[in-house]
Amino acid sequence: MCIWKGWKKIKTRHENLVKLGLKTNKAWGYANTRKGYWRISNSPILSRTLTNKRLKEMGLTSILETYNLKHQFC
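Residues numbered from 1 in each chain as written. Predicted model: local features only at pLDDT ≥ 70, side-chain atom pairs only at ≥ 80, totals over all residues. Heavy atoms only, no water.

As recorded in an unreviewed UniProt entry, the protein chain goes by the name RNA-directed DNA polymerase, listed as coming from Petrotoga olearia.

This is the structure:
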């Protein structure tokens, strides 16, 4: 949700969705959506394009992995 909210303009959303491998027509459709940030963050398109692997490559850590590392000795 935070990444989607950071892409404030429609043009930015479109360009970033295309960079993530989405076709241009679908990217325009999702970039122009009027749905809220939380609703679009759970959409199938963002689930397929912004995967955990890509988020990890961007330097973001998974909350689940962090939790498991902190509590593995308990």
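Student: How would you summarise the pattern of salt bridges if you had to cite specific residues and measurements?
Tutor: With the rule as written, the count across this model stands at one salt bridge. Here K56 ties to E65 by a salt bridge, and the two come within 3.6 Å at their closest N and O atoms. Take K56: its relative accessible area is 52%, and that puts it in the exposed class. What makes E65 partly exposed here is its relative accessible area of 41%. (Salt bridge = Lys/Arg side-chain N within 4 Å of Asp/Glu carboxyl O. Buried < 20%, exposed > 50% of the residue type's maximum accessible area, 1.4 Å probe, protein only.)

Student: For the packing of helix 2 (residues 10–19) against helix 3 (residues 24–31), give the residues involved together with the corresponding values.
Tutor: Contact pair helix 2 / helix 3: the axes reach a minimum separation of 9 Å and the direction vectors enclose 140 degrees. In terms of axis orientation, helix 2 runs oblique to helix 3. Of the two elements, helix 2 crosses helix 3, and the hand of that crossing is right-handed. For the pair helix 2 and helix 3, the contacting residues are I10, R13, H14, L17 and V18 in the first and T24, A27, W28, Y30 and A31 in the second. In the contact of helix 2 with helix 3, the residues fall into seven nonpolar, two polar and one charged. (Axes fitted to C-alpha atoms, helices over the stretch in contact; angles between N-to-C directions. Helix = DSSP H or I, 4+ residues; strand = E, 2+ residues; numbered from the N terminus. Parallel < 35°, antiparallel > 145°, perpendicular 65-115°, else oblique. Left-handed = near helix turned anticlockwise from the far one by under 90°. Contact = heavy atoms within 4.5 Å. Nonpolar A, V, L, I, M, F, W, Y, C, P; charged D, E, K, R; others polar.)

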